[in-house]
Amino acid sequence: CSKNLMDMDPTVRSHEGLFLAFQSPIEIPGVTNYDFLRIAYNEKQKYWKKEELDPLQFMSLTQKVISKLEMKPEFLNRNLNEGFSGGEKKRNEILQMLLLEPKLVILDEIDSGLDIDALKTICQNINENLNSNSSLIVITHYPKILTYLDPTFVHIMRDGKIIKTGQMELVSTLETHGYKFFE
């Protein structure tokens, strides 16, 4: 495909399949998590000229996904990210990702602030439920998440540039010798 994401409006980028999970998602008072998810889902459906889901159909779809993420159903009635713990925010980002079925997923420090159980649950759901035609970019400072996601490539960046590319053994080298080893 020869589409340039940089030339697109952010909404169109999203509909075309780009998904970004933020390190610190913002709180949106007055908008329930359920309404946000349903509107985002249906807007994408409308963009691709697919059938939109009514509230009951969408609730049924959402219930299946939140149970996989070990989230309580009442979570959907809360305002978007308002008062969420770090783990709840991260699970909510993965919930959005799984419902929207993007082609390119960028997870910006999705592991930040997660305990080991939440990290395992999130990674398990990414591994089991991310569309096989999707690509995943994980930005992290902590290699633990990589042991659960088993990346194809590992890139080390400095000053916004990739300075080294390799496999998982690159993570061990980094942990043993630090970033100065790659100067």
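A. Region of interest: the sheet that holds strand 5 (residues 135-139). The three strands are arranged 1-4-5 in an open sheet whose pairing can be described as parallel. Strands at the two margins of the open sheet, each flanked by one partner only, are strand 1 (18-21) and strand 5. Going across the sheet, the axis of each strand differs from the next one's by a mean of 10 degrees, ignoring polarity. By the bridge criterion, five bridges tie strand 4 (residues 104-108) to strand 5 in an arrangement that is parallel.

B. Region of interest: the nonpolar core. Ranked by internal contacts, the top residues of the largest apolar core, which has 39 residues, are Ile 94, Leu 95, Met 97 and Ile 126. Tallying contributions element by element places helix 4 (residues 86-100) first for this core, with six residues. Aside from chain neighbours lying at most four places away, what touches Ile 126 is Ile 94, Met 97, Leu 107, Leu 136 and Leu 149.

C. Focus on helix 5 (residues 116-129). Its 14 residues place the ends of helix 5 20 Å apart at the C-alpha level, agreeing with the 20 Å of an ideal helix rising 1.5 Å per residue. Within the span of helix 5, buried status applies to Ala 118, Leu 119, Thr 121, Ile 122, Cys 123, Asn 125 and Ile 126. As for helix 5, its buried residues are in contact with helix 3 (55-68), helix 4, strand 4, strand 5 and helix 6 (144-149). The distance from a side-chain oxygen at the start of helix 5 to the backbone nitrogen of Asp 117 is 3.0 Å, and the residue carrying that oxygen is Asp 115.

D. Local environment of the layout of surface pockets. Put simply, the largest pocket is a space of about 960 Å³. If you go around the largest pocket, you meet 31 residues; those closest to its centre are Val 138, Leu 146, Phe 153, Val 154 and His 155. Contributions of two or more residues to the lining of the largest pocket are made by helix 5, strand 5, helix 6, strand 6 (154-158) and helix 7 (169-177). With five residues, strand 5 is the largest single contributor of residues to the lining of the largest pocket. Residue composition of the lining of the largest pocket, by class: 20 nonpolar, nine polar and two charged.

E. Expanded view of the packing of aromatic side chains. In the structure shown here, the tally under the stated rule is five aromatic pairs. Both rings, one in Tyr 41 and one in Phe 58, keep their centres 5.4 Å apart while their planes meet at 45 degrees; by these two values the pair is tilted. Taken together, the positions of Tyr 41 in helix 2 (residues 33-47) and Phe 58 in helix 3 put the pair 17 residues apart, joining distant regions of the chain. As far as burial versus exposure is concerned, Tyr 41 and Phe 58 are alike and both buried. Ring centres of Phe 181 and Phe 182 lie 5.3 Å apart, and the angle between their planes is 90 degrees; on these two criteria the pair is classed as edge-to-face. The class for Phe 181 is partly exposed, based on a relative accessible area of 48%. The exposure class assigned to Phe 182 is buried, which follows from its relative accessible area of 12%. What links up through ring pairs into an aromatic cluster is the set Tyr 34, Tyr 41 and Phe 58.

F. Looking closely at the pairing of strand 7 (residues 161-166). When strand 6 meets strand 7, the two strands line up antiparallel, connected through five bridges. The residue bridging Met 157 from the neighbouring strand is Ile 162, located in strand 7. Hairpin geometry of strand 6 and strand 7 is characterised by an intervening segment of two residues between the two adjacent antiparallel strands and by a positive phi of about 55 degrees at Asp 159.

The rules behind these values
Residues numbered from 1 in each chain as written. Predicted model: local features only at pLDDT ≥ 70, side-chain atom pairs only at ≥ 80, totals over all residues. Heavy atoms only, no water. Pairing = 2+ DSSP bridges. Helix = DSSP H or I, 4+ residues; strand = E, 2+ residues; numbered from the N terminus. Axes fitted to C-alpha atoms, helices over the stretch in contact; angles between N-to-C directions. Core = buried A, V, L, I, M, F, W, Y, C linked by side-chain atoms within 4.5 Å. Buried < 20%, exposed > 50% of the residue type's maximum accessible area, 1.4 Å probe, protein only. Contact = heavy atoms within 4.5 Å. Expected span 1.5 Å × (residues − 1). Polar contact = N/O pair within 3.5 Å; in protein donor to acceptor, adjacent residues only side chain to side chain. 1 Å grid on protein atoms, 1.4 Å probe; cavity = no way out; pocket = protein on both sides within 12 Å on 5 of 7 lines; lining within 4 Å. Points joined across faces, edges and corners; volume = space filled by probe spheres on them. Nonpolar A, V, L, I, M, F, W, Y, C, P; charged D, E, K, R; others polar. Phe/Tyr/Trp six-rings, centres within 6.5 Å; stacked < 30°, edge-to-face > 60°.

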